[in-house]
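Take a look at the letters that make up each chain.
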Amino acid sequence: MPRDTRSPDGAVVEFANVSKTFHSPKGPVHAVNGLTMSLQPGQTIAFLGPNGAGKSTSLNMLLGLSRPDSGRLALFGGTAAEAIKHGMVGAMLQSGGLMSDVTVREQVELWAKLHPRPIGVADALKRANIADLADRRVDKLSGGQQQRVQFAMAIIGDSPLIVLDEPTTGMDVENRQAFWATMRERAYEGKTVLFATHYLEEADQFAERVIVINKGRLLADGSAAEIKASAGAKRLSFRLPGVQDAVLHRLPNLVHVERQADIVRLQTSDSDATLYALLDAGYRPADIEIQALGLEQAFLAITAEDNNAVGTIAGGTDTATLEAAR
Ligand SMILES: Nc1ncnc2c1ncn2[C@@H]1O[C@H](COP(=O)(O)OP(=O)(O)OP(=O)(O)O)[C@@H](O)[C@H]1O
């Protein structure tokens, strides 16, 4: 397969109505449920979703580690096995890949042999910030150090697609920054980087595209700015003793309502329109604050809405909102 072979529409990864159900004693779990997405070359894509949303199941299918029950999944227009055989994919998964009785250098050297055009082992160790650990045994490393070995394995093949499942979990701040600096270089080189993460800040900072899934279904797909806008970009808070819930719920452009005694916090896609409507209805709120929301709140709003958890949380707190989204 030539190095730049892609599907007819140029996609590096294509999920077309892909589903995967697991059967447990408690009944079927629809881990991935009609997922459709298409990833273009050179994109850096964050793959987000609450625990159990189906991220790892999707990535495992993408890498050919398990098969979809239905739908079509293509890598570079072909199968995962073909793409991997031709060194088109570098991956860093949550588990596996590390051997128990080898040194870091030996582990990465072994991995390099699986790829047709690897970069130098010393170079990969340096980029993963583990050159000083080269002679240590892999199974004696800390969790964060093992993550960095997996990182070296993901980049050793110089593959055009890099798939990372929660890559920075367990890494300290310094190594996390080094990791993203290296990934940024890969992206500049035109590689496609797909990563699942629970660190929303990383998604906001490094991904040009954010895909949110929940219950195995696609919820949102766009730039971080687009996701924030679609989720309701602003938080409008004020003090208004005695206002009825029904009045708040009638306000336009509302995404989410939270109350804590006299304090009302509204998430709204148009804070001006929401505030003017409240004033037009004759109310005079005090201590008005308008705040732009981050990707984390947008993510929570999107997933909470999908879980039917949106509504007034009387006496609620941010923690209550967070829990509702999980
Ligand atoms: N081998 C399996 N057998 C049964 N159920 C499974 C299996 N693998 C995953 N599941 C279930 O499928 C659903 C999706 O799991 P998955 O690991 O893909 O989610 P995730 O988004 O990666 O979650 P997390 O953020 O917690 O890693 C969950 O309900 C999970 O319990």
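What comes next concerns the included structure. Predicted, not measured: the structure shown is a model, and the values here were computed from it.

## Quick look at the overall build of the chain
1) Next: Within the chain one finds 12 helices and 14 strands.
2) Next: The principal-axis extent of the C-alpha atoms belonging to the chain is close to 75 × 45 × 45 Å.
3) Next: At a minimum sequence separation of 6, the contacts of the chain that also span at least 24 residues come to 68%.

## Notes on the nonpolar core
1) Next: If you look at the biggest cluster of nonpolar residues, it comprises 82 residues, and the most contacted ones within it are Leu75, Val108, Ala152, Val163, Val210 and Val212.
2) Next: At seven residues, helix H11 (residues 295–306) tops the list of elements feeding residues into this core.
3) Next: Split by domain, the residues of this core number at least three in each of domain 1 (13–228) and domain 2 (233–292).
4) Next: Beyond its immediate stretch of four places on either side in the chain, Val163 contacts Leu59, Leu62, Leu63, Val89, Ala91 and Leu194.

## Notes on the packing of helix H3 (residues 104–113) against helix H5 (residues 143–155)
1) Next: Where H3 meets H5, the axes come as close as 9 Å, and the angle between the chain directions of the two elements is 25 degrees. In terms of their interaxial angle, H3 and H5 are classed as roughly parallel. For the crossing formed where H3 meets H5, the hand is right-handed. Along the contact surface, H3 presents Val104, Gln107, Val108 and Trp111, while H5 presents Val149, Ala152 and Met153.

## A short note on the site of the ligand
1) Next: Every residue lining the ligand is accounted for by Phe22, Ser24, Val29, Ala31, Gly49, Asn51, Gly52, Ala53, Gly54, Lys55, Ser56 and Thr57.
2) Next: Top contributing element to the shell around the ligand by residue count: helix H1 (residues 55–62), with three residues.

## Here's the deal with the sheet that holds strand E7 (residues 192–196)
1) Next: The strand order E5-E6-E7-E3-E8-E9 describes an open sheet built from six strands, whose pairing is mixed. In the strand order of this sheet, the two ends are held by strand E5 (89–92) and strand E9 (217–222), each with one partner. Here the average twist between neighbouring strands, direction ignored, is 15 degrees.
2) Next: As judged from the five bridges shared by strand E8 (residues 209–214) and E9, these two strands associate in the antiparallel manner. What sits directly across from Asn214, in E9, is Arg217.
3) Next: Packing against the sheet, H1 makes contact with strand E3 (44–48), strand E6 (161–165), E7 and E8, and its axis sits at approximately 150 degrees to E6.

## Quick word on the sheet that holds strand E4 (residues 70–75)
1) Next: Reading across the sheet, the three strands line up as E2-E1-E4 and stay open at both edges, with antiparallel pairing between neighbours. The sheet terminates laterally at strand E2 (27–39) and E4, the two strands that pair on one side only. On average, adjacent strands in this sheet sit at an angle of 30 degrees to one another, irrespective of strand direction.

## Focus: the environment of Leu275
1) Next: Here Leu275 lies in helix H10 (residues 271–280).
2) Next: Separated by 37 residues in the primary sequence, Leu275 and Phe238 place their C-alpha atoms 9.9 Å from one another.

Rules behind the numbers
Residues numbered from 1 in each chain as written. Predicted model: local features only at pLDDT ≥ 70, side-chain atom pairs only at ≥ 80, totals over all residues. Helix = DSSP H or I, 4+ residues; strand = E, 2+ residues; numbered from the N terminus. Contact = placed C-beta atoms within 7 Å. Core = buried A, V, L, I, M, F, W, Y, C linked by C-beta atoms within 7 Å. Buried ≥ 20, exposed ≤ 12 C-beta atoms within 10 Å, placed from the backbone. Domains from an automatic or database assignment. Axes fitted to C-alpha atoms, helices over the stretch in contact; angles between N-to-C directions. Parallel < 35°, antiparallel > 145°, perpendicular 65-115°, else oblique. Left-handed = near helix turned anticlockwise from the far one by under 90°. Near = placed C-beta within 6 Å. Pairing = 2+ DSSP bridges.

What is shown is where atoms sit, not what they do.
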